[in-house]
Amino acid sequence: MQRWFPVLDWARRYDSATLGADLLAAVIVTIMLIPQSLAYAMLAGLPPEVGLYASILPLLAYAVFGSSRTLAVGPVAVVSLMTASAVAPVAAAGLADAVTAAVTLAALSGAILIVMGVLRLGFLANFLSHPVISGFITASGLLIAAGQLRHILGVEGGGGTLPEIFAGLAGQVGAVNPATLGVGAGVLAFLYVARRWFKRGLAGLGLPGALADAVARAAPVMAIGATIAAAGVFDLAARGVELVGAIPAGLPVPGLPVLAPDLVVALLPAAFLISVVGFVESVSVAQTLAARRRERIAPDQELIGLGAANIAAAVSSGYPVTGGFARSVVNFDAGARTPAAGVFTAMGIALATLFLTPWLADLPQATLAATIILAVLSLVDFRAVARTWRYSRSDFAAMAATILVTLGWGVEPGITAGVLLSLALHLWRTSRPHSAVVGQVPGTEHYRNIERHEVLTDPAILSLRVDESLYFANARFLEDRIAALVAERPGLRHVVLMCPAVNDIDASALESLEEINRRLGEAGIRFHLSEVKGPVMDRLRRTDFLTHLTGEVFLSQHAAVCRLRAADGAGCTPAPVS
C-alpha cells in the first residue's frame, strides 16, 4: 500500500518537530502562492479565482500520492501559457467556454499522467531532451513577458506569437494609459528591488535570516495591498486602469467535469504535451531537491501523484497544475520536511479564498502583470544557449529550433519541432557511429585509435572498434566502412570487430554482420569479434551466426591479436612501423 500511497510512509513518523517545520514552510509558500495563483490564472486566460481553486485540492491530492517530500504543486507559468494556447482556440470555436475547457484539460492531463504511471511509462519523458526543455522554457518566458506588456501599458493587444504580440503593441503606442503604466512600472521596479536587495538589507538591519527571507518573498503581497489601496484612494478605475473586478467568495463546489466528446478530441493533443512537459519539469525539481537530503523519489509514482493533483484540479474547477521550480525551492529552503506542508498551504489558500477575495476587486491587472513578468524572466536562460552552442552543435540546433518555432508559431508547434528535431538528429548521429582503427599501445595490453595515439599495428590484422550499438539505421554504414578499410589493405588476413560499446545488435545489424562475414570469407579474410558483452553474446548464441563465423570470438582485443599473430608464427607485440 505504501507504494501507491506514500503518505502511509511519512505520516507514521510524523512528530511535533516536523509539524513546526512544515507549518513555517507553509506560511512562506502561501504568501508566495496567493499572488502567483491570481497572476497565473490571468496568464491562462481564466478568471483569477480559478488560480486559487487550482491551489487547494491539488495540493491535498499530491500529499497523498506524491513521492517527493518537498515538491510544491500548483499553477506554474509554462503550463499556464500552454493552457491559454489550448483553451483559446476551443473557446473561439464555440466548443466550450474558457473555464469549462480548462477544467476538461486538467481532467485529461490527470488521466494521461495516471495511465502513464500505472503502465510505468515515465521513460517517454526522456524524448524531451534537456536542450529542448531549456529552449522551450526560455522561449515561453519571453512569450509570457511580452504578452503581459499590454497590461502594463494599458492597451489592447493579444496574439500567441512574438511577432503578433509586438505587432499588436506597435499599433497601440498612441493609446498607452499613463496611470496604468505608472502602476505597472512602479510595481515592476519595487519587485525587482525587493528581489535583489530586500533580504540582504533586512538582514543588515538585524532581522534573522529566515524572517528577512520571508519578508522579501512577501513583496508581491505588499505590492497587491499597496495598489489596491491606491486604486481606492486615487480612483484609478476612473483613470482607465483595468481592475480585476469582483471575485466570487467561497470555495468551489466539487463536481465531476462533463467530458464532451468534441471537446476531448480538440484538447487531447494539448493535454498530452502539458502532461509530459509538466512531468519533466516536476521530476527534475523533485530529484534535485531529494538528492540534497539523500532522499529518493519514484518517477512512476510521481506520474500518479501529479495525475491525482490534476484530477483534483478538475474536480474543483481549477486548471492543469504541476510542480513549480521556484515554489519548490522556497518550500525546501523554508524547511519543509513532508508533503504535509502542502496540506497546510492548501488550508491557507482556502482561507484566503473565503475571506480575502472581496478585497481583491480593486486590484489593478497591471500589478498581476508585473508579478508575472518578474517571475518568468528568471526562466529565460541565454547562458544555457551559449553553453549548448559551445558543447554540441546538434543539441544547439534542437534548442534553437525550439526557441524560434515557439516564438514564431506558438508553444505546441515549438515543443513538437524540438522533439522531432532531437529524434532526427539522434538517428542521424547513430546512423554514422564513431568507429576507429586501433592499435596496441607499446608495453601495454591497451588498444587505442591510430589517429590519436602512437600505437603498434600489424598489416595482416585490421582491428576496428565501433562505439555504438548496431541497429537498422547504422548497419549499412558498418558494411561500407569495413569494405573501404579492407580495400586499402591488400595484405589483410584478419578483421577483428571490437564491441566494448555495443549494447545491442538488432535483426538488421545481424544480417549485416552475416553479409560482412560472407564477403570477407569470399576474399580469404577471417572475421572475428572481441570484447562482446554478455547479453549481446546470449542473443548471438540463439542464432546460427556463430556457426557460420569464419573466425572466433575473443574475450579481449589483446587475446585476439596474440592468438592471430601466434597462428602466423609471430609474438603478441607487432613490430613498430618504420
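The model shown is predicted, which means the values in this text are computed figures rather than measured ones.

1. Focus on the sheet that holds strand β4 (residues 447-449)
A sheet is described by the order of its strands in space; here six strands give the open sequence β4-β3-β5-β6-β7-β8, paired in mixed fashion. Here the strands that pair on one side only, and so sit at the sheet edges, are β4 and β8 (553-554). Direction of pairing for strand β3 (residues 435-440) relative to strand β5 (residues 461-466): antiparallel, over a ladder of three bridges. Paired with S435 across the strands is V466, a residue of β5. Of the strands in this sheet, β6 (494-498) and β7 (526-530) are in contact with helix α21 (residues 507-522), which crosses β7 at around 140°.

2. Observations regarding the pattern of salt bridges
Within this structure, the stated rule accounts for 16 salt bridges. Residue R489 pairs with E488 through a salt bridge whose shortest N-O separation is 3.5 Å. Overall, the relative accessible area of 23% leaves R489 in the partly exposed class. On the basis of relative accessible area, E488 is assigned to the exposed category, the value being 56%. Taking the shortest distance from any N to any O, the salt bridge between E515 and R518 comes out at 2.4 Å. With E515 and R518 both in helix α21 and three residues apart, the pair spans about one turn of that helix. Among the residues examined, E515 registers a relative accessible area of 22% and is labelled partly exposed.

3. Quick word on the packing of aromatic side chains
If you walk through the whole model with that rule in mind, you get five aromatic pairs. When the ring of W389 is compared with that of F396, the centres are 4.9 Å apart and the planes differ by 75°; the resulting orientation is edge-to-face. Looking at F396, the relative accessible area reads 22%, which means it is partly exposed. Look at Y471 and F472: their rings are 4.9 Å apart centre to centre, the planes differ by 80°, and that puts the pair in the edge-to-face class. By relative accessible area, Y471 is classed as buried at 17%. F472 sits in the exposed class, given a relative accessible area of 57%. Geometry around W197 places R196 over its ring, the cationic atom sitting 5.2 Å from the centre.

The rules behind these values
- Residues numbered from 1 in each chain as written.
- Predicted model: local features only at pLDDT ≥ 70, side-chain atom pairs only at ≥ 80, totals over all residues.
- Heavy atoms only, no water.
- Pairing = 2+ DSSP bridges.
- Helix = DSSP H or I, 4+ residues; strand = E, 2+ residues; numbered from the N terminus.
- Contact = heavy atoms within 4.5 Å.
- Axes fitted to C-alpha atoms, helices over the stretch in contact; angles between N-to-C directions.
- Salt bridge = Lys/Arg side-chain N within 4 Å of Asp/Glu carboxyl O.
- Buried < 20%, exposed > 50% of the residue type's maximum accessible area, 1.4 Å probe, protein only.
- Phe/Tyr/Trp six-rings, centres within 6.5 Å; stacked < 30°, edge-to-face > 60°.
- Lys NZ or Arg CZ within 6 Å of the ring centre and 35° of its normal.

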